[in-house]
Amino acid sequence: MATIEIKVPDIGDFADVTVIELMVKPGDAIKAEQSLITVESDKASMEIPSSHAGLVKEIKVALGDKVREGSLVLLLEAEGSAALAPTPPAAPTASSEKSTNVPVAPVLQAHTATDLVATPELPGHAPGAMSADLPHASPSVRKFARELGVPLKEVRGSGPKGRITAEDVQGFTRAVMSGATQTIAAQAQNKGASGATVSDGGGLGLLAWPQVDFSKFGPIERRDRPRIKKISAANLHRNWVMIPHVTNHDDADITDLEAFRVATNKENEKSGVKVTMLAFLIKACVAALKKFPDFNASIDGDQLVLKQYYHMGFAADTPNGLMVPVIRDADQKGVLQISREMSELALKAREGKLSPGEMSGAGFTISSLGGIGGRYFTPIINAPEVAILGVCKSRMEPVWDGKAFVPRLMLPLSLSWDHRVIDGAAAARFNVYLAQILGDFRRVLL
Ligand code: CAO
């Protein structure tokens, strides 16, 4: 077996692109054409595949490294001499005597992160197309589609043998954003409701995004938007455009609950676990979801999927952007355990160490700005969920008890809900019930 160097080949105009994914590790047996790493510029991501089959000996790049044409990706123990058919080098770089310099052809997956407004060309979209087979796409494209919530079965692949590229996924997202189409689920629902597809209603007809040379008006600085922010932006944009949101505001009297929380923390000082208001909110929301199951549901065509599990997402603010870790089976856990898990997950989120599994499967999400401030806000629903609870900072307020104003600690609640599934009366009832539980937590036991 000969050791060969796999280098970054000619990748067009892209220089100093960032390695965002390592798709193989030392010891892996890989096939020819298998993707090795994903690199990303501010405009596109590319998979660098191997031109040879063999055993990965050593990875020569790390996440976050900047690479360019000719950068060494890895050393490969090539399988069989046939695999070493000479091909022109990717870049004029020196190679060691015992190594063979092998170029690789990148799979360019341009997913332009801008211009999400209506465009006449929607190349990646096959409206209503449903393939019976598993769609043909690489792991990173699948991951990208999952992150955007794009159903791969509806995407038409433009690559060889119908392979779906990141560009196709991006094209699909553009199509949905522009209103030119909807997902199959949404189409089915639309047909069910009105007997017509969205094309009857046309696109959003929005103006193009303003192109302004800001430097004409004063000094500016340009910064790359972090990857997580770009992904969450695309998700938030889709959710905002596709879900008819309504937000109900209410207040909960948490005077007694806060006193209990403070006392509990005092008693448990030595345990190292701090009970947070958010943990109580998670428990209270589970009780409300049990009473109002439509809030723990998802739309699937003409059907509503009612979840019989209680996985609760919570928004976590991190240096890289917003992340939503998930507490699983919150109905089966106590407030202490939820507090412990939440602080572990929040720490992982801040360190960028959350696994996809720790961010998936939520049936309902809570977004708490209680530690920061504010009064009320309108949280955006985390699709495919149908409701989200926002909470802000509690404060002492004079509350009329029938005889006099008494000081009570009031927590502002903001419940956003999907009007396709939930009605205003149900949302008002949900908030009232939630406030009752928070006002007297013994109700959780009822
Ligand atoms: N009212 C008053 N005080 C509150 C409160 C509330 N509703 N909620 C929390 N607090 C207090 C806590 O008791 C704590 O006080 P002490 O330090 O004196 O004990 C302080 O605020 C800080 O709390 P925290 O934010 O660290 O903890 P948390 O459990 O409330 O929240 C987490 C954890 C991860 C949700 C939070 O750190 C966070 O990231 N919040 C932002 C979420 C977000 O960005 N949402 C917006 C999404 S839409 O863009």
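Structure's up top.
Residues numbered from 1 in each chain as written. Predicted model: local features only at pLDDT ≥ 70, side-chain atom pairs only at ≥ 80, totals over all residues. Heavy atoms only, no water.

A. Inspection of the layout of surface pockets at higher detail. By volume, the second largest pocket amounts to about 890 Å³. Lining the second largest pocket are 33 residues, and of these Thr-276, Leu-278, Ser-368, Gly-370 and Gly-371 sit closest to its centre. Residue assignment for the lining of the second largest pocket shows that the elements contributing at least two residues are helix H5 (255-267), helix H6 (277-291), strand S15 (316-318), helix H7 (335-350), strand S18 (364-368) and strand S21 (405-418). Of all the elements, H7 adds the most residues to the lining of the second largest pocket, at six residues. (1 Å grid on protein atoms, 1.4 Å probe; cavity = no way out; pocket = protein on both sides within 12 Å on 5 of 7 lines; lining within 4 Å. Points joined across faces, edges and corners; volume = space filled by probe spheres on them. Helix = DSSP H or I, 4+ residues; strand = E, 2+ residues; numbered from the N terminus.)

B. Quick look at the packing of aromatic side chains. Counted under the stated rule, the structure contains eight aromatic pairs. With 6.2 Å between their ring centres and 75° between their planes, Phe-292 and Phe-295 make a pair best called edge-to-face. Judged by its relative accessible area of 15%, Phe-292 is buried. Relative to Phe-405, the ring of Trp-400 has its centre 4.9 Å away and its plane inclined at 65°; by these criteria the two rings are edge-to-face. Here a set of aromatic residues connected by ring pairs shows up, and it is made of Phe-292, Phe-295, Phe-364, Phe-430 and Tyr-433. Taking the ring centre of Tyr-310 as reference, the NZ or CZ of Lys-290 above it sits at 5.4 Å. Over the face of the ring belonging to Tyr-433 we find Lys-291, whose NZ or CZ atom lies 5.2 Å from the ring centre. (Phe/Tyr/Trp six-rings, centres within 6.5 Å; stacked < 30°, edge-to-face > 60°. Buried < 20%, exposed > 50% of the residue type's maximum accessible area, 1.4 Å probe, protein only. Lys NZ or Arg CZ within 6 Å of the ring centre and 35° of its normal.)

C. Layout of the pairing of S18. Burial within S18 is extensive, with four of its five residues counted as buried. Of the strand pairs in this sheet, strand S14 (residues 312-314) and S18 are connected by three bridges, and their pairing is parallel. Looking at S18, one finds that Gly-313 is bridged to Thr-365. For S18 and strand S19 (residues 387-391), the ladder comprises four bridges, and the chain directions are parallel. Each residue of the ladder has a partner; that of Ser-367, found in S19, is Gly-390. (Pairing = 2+ DSSP bridges.)

D. Up close: the site of the ligand. Not every one of the 18 residues close to the ligand is listed here, only the nearest: Lys-274, Asp-317, Ser-367, Cys-392 and Ser-394. One of the side-chain nitrogen or oxygen atoms of Lys-274 is found 2.8 Å away from an oxygen atom of the ligand. One of the backbone N or O atoms of Gly-370 is found 3.4 Å from a nitrogen atom in the ligand. Coverage of the ligand by the protein chains reaches 65% of its 970 Å² of free accessible surface. According to the grid-proximity analysis, the pocket containing the ligand is the second largest pocket. Elements represented by at least two residues in the shell around the ligand include exactly S15 and S18. Here the shell around the ligand is composed, by residue class, of eight nonpolar, six polar and four charged. (Near = heavy atom within 4 Å. Polar contact = N/O pair within 3.5 Å; in protein donor to acceptor, adjacent residues only side chain to side chain. Areas by Shrake-Rupley, 256 points an atom, 1.4 Å probe, with all protein chains shown as cover. Sits in = over half its atoms within 2 Å of the grid points. Nonpolar A, V, L, I, M, F, W, Y, C, P; charged D, E, K, R; others polar.)

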